[in-house]
Protein chains: 2
Amino acid sequence: MSSWRDNLRYIEPYVPGEQPDLPDMVKLNTNENPYPPSPKVAQVIKDFDSGTLRLYPDPGSKVLADAIAKRYKIASNEVFTGVGSDDVLAIAFMTFFNSKKPILFPDITYSFYDVWAKLFCIPYKRPELDEAFKIKAEDYYCDNGGIVIANPNAPTGIRQDKSFLRDIIEHNRDVVVIIDEAYVDFCRESALPLAREYDNVLVVQTFSKSRSLAGMRIGYAMGNPELIKAMDDVRFSFNSYPMTRLSVAVGAAAMEDEEYFRETTRKVIDTREWTKRELNKLGFSFCDSETNFIFASHESVDAKYIFEKLKEKHIFVRYFNSPRIDNSLRISIGTQEDMKYFISELGKIV
Amino acid sequence: MSSWRDNLRYIEPYVPGEQPDLPDMVKLNTNENPYPPSPKVAQVIKDFDSGTLRLYPDPGSKVLADAIAKRYKIASNEVFTGVGSDDVLAIAFMTFFNSKKPILFPDITYSFYDVWAKLFCIPYKRPELDEAFKIKAEDYYCDNGGIVIANPNAPTGIRQDKSFLRDIIEHNRDVVVIIDEAYVDFCRESALPLAREYDNVLVVQTFSKSRSLAGMRIGYAMGNPELIKAMDDVRFSFNSYPMTRLSVAVGAAAMEDEEYFRETTRKVIDTREWTKRELNKLGFSFCDSETNFIFASHESVDAKYIFEKLKEKHIFVRYFNSPRIDNSLRISIGTQEDMKYFISELGKIV
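Definitions and cut-offs
- Residues numbered from 1 in each chain as written.
- Chains lettered and ligands numbered in written order.
- Predicted model: local features only at pLDDT ≥ 70, side-chain atom pairs only at ≥ 80, totals over all residues.
- Heavy atoms only, no water.
- 1 Å grid on protein atoms, 1.4 Å probe; cavity = no way out; pocket = protein on both sides within 12 Å on 5 of 7 lines; lining within 4 Å.
- Points joined across faces, edges and corners; volume = space filled by probe spheres on them.
- Helix = DSSP H or I, 4+ residues; strand = E, 2+ residues; numbered from the N terminus.
- Nonpolar A, V, L, I, M, F, W, Y, C, P; charged D, E, K, R; others polar.
- Salt bridge = Lys/Arg side-chain N within 4 Å of Asp/Glu carboxyl O.
- Buried < 20%, exposed > 50% of the residue type's maximum accessible area, 1.4 Å probe, protein only.
- Expected span 1.5 Å × (residues − 1).
- Least-squares fit on C-alpha atoms with pLDDT ≥ 70 in both.
- Pairing = 2+ DSSP bridges.
- pLDDT = per-residue confidence, 0-100.
- Contact = heavy atoms within 4.5 Å.
- Axes fitted to C-alpha atoms, helices over the stretch in contact; angles between N-to-C directions.
- Buried area = accessible area lost by both parts, 1.4 Å probe.
- Polar contact = N/O pair within 3.5 Å; in protein donor to acceptor, adjacent residues only side chain to side chain.
- Core = buried A, V, L, I, M, F, W, Y, C linked by side-chain atoms within 4.5 Å.

Another point: empty space enclosed by the protein. Counted under the stated rule, the structure contains ten cavities of 30 Å³ or more. In this structure, the largest cavity encloses a volume near 440 Å³. Along the wall of the largest cavity there are 30 residues; nearest its centre are A:Tyr56, B:Tyr110, B:Tyr183, B:Lys209 and B:Arg330. If one sorts the elements of the lining of the largest cavity by residue count, helix 3 (residues 84-96) of chain B sits on top with three residues. For the lining of the largest cavity, the class distribution of residues is 14 nonpolar, ten polar and six charged.

Below you can see the structure in the form of structure tokens.
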């Protein structure tokens, strides 16, 4: 007999990273910013007129899109906003990847790309990174349905420079190339100029890392108005009002506080470089991260063992039980104090 | 030559209802609640520790799901939360409607159902409501891929009773039946007991209308844990953290303030009944609405003319330029004062 279960979309459930909540924990496992958001965010929330919540938000989140456009010196119709960059990327996959040809992204990269491909029944191939975890450009010269490059890449932290990306784009003018820049503010350069130069390039960024707003769910894409309009059409067919009134107000305030942004980003980078030196001393090796995390493995001690031992101390880092990366740990950068404690405990383990 | 445009998902853009923002307007066009949310919501926002926004939210929005479960005396794993009921319904369509057979919903109903069906390439049929805008149950006895019933229906405002719904469900035990109860708090009964009785019934509700939180984007579904788990699996494959930390806190506070909810809902219902009597006196006829709006047409004056004339006075109601309903206006219920002003201006027009 037939059952409603026959019509289910069966998905291998995605398991989000652990979100422990212990009073004394040092949480270095989900690449959150150790510093609170801009004081202007606190002020916006404090002053917020809750009475306005009875009304729907502006569908286009104009105040937020304008703040982003102003910061990046682009037009508001070159900006798409969504509920975190996951939402933005999911909408982009749905909008741009409707070819029968496979889309391409590296075998080691952000773990959501293949989840979205499966969800939306998009064929995909995952060219292998080389031994140094670098992308081989020639793997992306073949016929395909679209390309997604996280830059800097996760969980490796490695950044490819603009000329490298340009080469891949030049070979793929007939498909949309998405550059996922979740960690870009901790590195030297953004691919945004390429999105302005090429009409098939979309750059995706987020407020979750460098703007300390993971809890507010704000992501955005930048690209030519035609790409943005296509995403808007899909978005408005899914949910006309995705962003809460508070997200719009808070996001705009955070985007406008450039000084605070520069200060906290600088602190995270300084602590990252300090942590790299300390990890070296302890016998770790790692890619040259330009993000707010370091992806490191020890010369003799097993990653999973270190992960478990740290957990006992309520220090949480990320361990991936996946081929090729199962002897590395992804360590988010905390405050200088967090990292001093982390390094001292780590020293006792290795 | 091939172009990235060839791979676009072309969607006829959905046009959301007008969102005017004039200081002196009377906004009766998007079924918002005229009263602000609970004072407990204002308090939660005022007391909110913005520092916590640097952290991702709890993926399961447990605090919110628990508050909903407690209010409806069900288990938390019988509750799914999302970014407004549009998000919840979109995820439900994606999760449950993967048959080759068409899903069924009335020709006149919430205007997003066919938009989602098109977006997700779900075949659908739209049996016609009868002349009195009522659903004909026998239209839903045929083989199909799933059923969606808005109850009370929009934009008619008509509610079908539980025995009517039970009949449709009994004829469709092999597919998922979604009862969209966006307006249920303004009517006499919910289909929630049917969702508890039948494992294939999902009830969807929202904080946007009766809880005055359209701007906070909170919707939810209630059904057996297997349905909820299937939706969670799809959800977590789309976006692990859909709800902002503030949405979770605000939603829980609103759900817990039963007294305020009852008081504002009662006021809206009283004003609706008063408005019905006044509309009658002015020569309008309408379905017997059990929602926070009235769907009315005048005995002699054209709906579009009235719509335009009201707009000149900065009174906004909703006009649908669609077959069968293009001589009616959907009038959201405002405060008693709003509606007195509306009726007096309307009297001058007709």
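Close approach of charged atoms allows side chains with opposite charge to pair. All names here are of chain A. Enumeration over the complete set of coordinates arrives at 57 salt bridges over all chains. The partner of Glu258 in a salt bridge is Arg71, with the nearest N and O atoms 2.6 Å apart. Of this pair, Glu258 sits in helix 9 (residues 258-281) while Arg71 sits in helix 2 (residues 62-72), placing them 187 residues apart in sequence. For Arg71, a relative accessible area of 24% corresponds to the partly exposed category. Between Lys136 and Asp139 there is a salt bridge; the shortest N-O distance is 4.0 Å. When salt bridges that share partners are traced, they join Arg159, Lys162, Arg188, Glu189 and Glu290 into one network.

Here we take up helix 9 (residues 258-281) of chain B. Taking 1.5 Å per residue, 24 residues should reach 34 Å; helix 9 of chain B reaches 35 Å between its end C-alpha atoms and fits that length. Backbone geometry just after helix 9 of chain B places B:Gly283 at a positive phi near 90 degrees.

Screw-axis analysis of chain A against chain B gives a translation of 0.0 Å along the axis, an RMSD of 0.0 Å, and a rotation angle of 180 degrees. Such a turn and shift between the copies fits a two-fold axis. Residue A:Lys46, judged by its C-alpha, is the member of chain A lying nearest the rotation axis, at 2.6 Å.

This part covers the layout of surface pockets. Residue and element names in this part refer to chain B. Considering only enclosed or pocket space, the second largest pocket measures out at about 890 Å³ in volume. As for the second largest pocket, its lining consists of 32 residues, and the residues nearest its centre are Ser111, Arg318, Phe320, Asn321 and Ser322. At the level of elements, helix 4 (113-119), helix 10 (303-312) and strand 12 (318-319) are the ones that each hand at least two residues to the lining of the second largest pocket. Top contributing element to the lining of the second largest pocket by residue count: helix 4, with four residues. Of the residues that constitute the lining of the second largest pocket, the class distribution is 16 nonpolar, seven polar and nine charged.

The next thing to look at is the pairing of strand 2 (residues 79-82) of chain B. All names here are of chain B. Of the two faces of strand 2, the one lined by Val79 and Thr81 and the one lined by Phe80 and Gly82 are each fully buried. As paired strands, strand 2 and strand 8 (residues 219-222) are joined by four bridges and run antiparallel to one another. Within strand 8, the position partnered with Thr81 by the bridge is Tyr220.

Attention now moves to the confidence of the model for chain A. Here chain A shows a mean pLDDT of 96. Residues at 70 or above account for 99%. In the model output, the complex is listed with pTM 0.96 alongside ipTM 0.96.

Glancing now at the sheet that holds strand 7 (residues 201-206) of chain B. Residue and element names in this part refer to chain B. The strand order across the open sheet built from seven strands is 2-8-7-6-5-3-4, with neighbouring strands paired in mixed fashion. Two strands bound the open sheet, and with one partner strand each, they are strand 2 and strand 4 (124-125). In this structure, strand 6 (residues 177-180) lies alongside strand 7, joined through four bridges in parallel fashion. When the sheet's bridge partners are listed, Ile179 is paired in strand 7 with Val203. In this fold helix 7 (residues 225-238) packs onto strand 2, strand 7 and strand 8, with an angle of close to 30 degrees to the strand it touches most, strand 2.

With that out of the way, let us pick up the interface of chain A and chain B. Every contact between the two is made by 85 residues of chain A and, on the other side, 85 residues of chain B. Between chain A and chain B, roughly 7000 Å² of surface is buried when both sides are summed, and carbon and sulfur atoms account for 59% of that area. It is A:Trp4, A:Tyr56 and A:Phe238 in chain A that bury the most area against chain B; as a group they hold 13% of the surface buried on that side. Our enumeration of links across chain A and chain B arrives at four salt bridges. Here A:Glu226 makes a salt bridge to B:Arg5, at a shortest N to O gap of 2.6 Å. Where chain A meets chain B, there are 40 residue pairs in polar contact (both at pLDDT 80 or more). Of all the secondary-structure elements, those providing two or more residues to the side of chain A that touches chain B are helix 1 (39-47), helix 3 (84-96), helix 4 (113-119), helix 7 (225-238) and helix 8 (245-256) of chain A. Counted by class, the side of chain A that touches chain B contains 44 nonpolar, 23 polar and 18 charged residues.

Another aspect to go through is the nonpolar core. Ranked by internal contacts, the top residues of the largest apolar core, which has 106 residues, are A:Ile45, A:Ile68, A:Phe207, B:Ile45, B:Ile68 and B:Phe207. Each residue touching A:Ile45, except ones within four places of it in the same chain, is listed here: A:Leu246, A:Val250, B:Ile45, B:Phe48, B:Ser50, B:Leu53 and B:Leu246. Counting 76 residues, the second largest nonpolar core, distinct from the first, contains A:Tyr113, A:Ala221, B:Ala92 and B:Val204.

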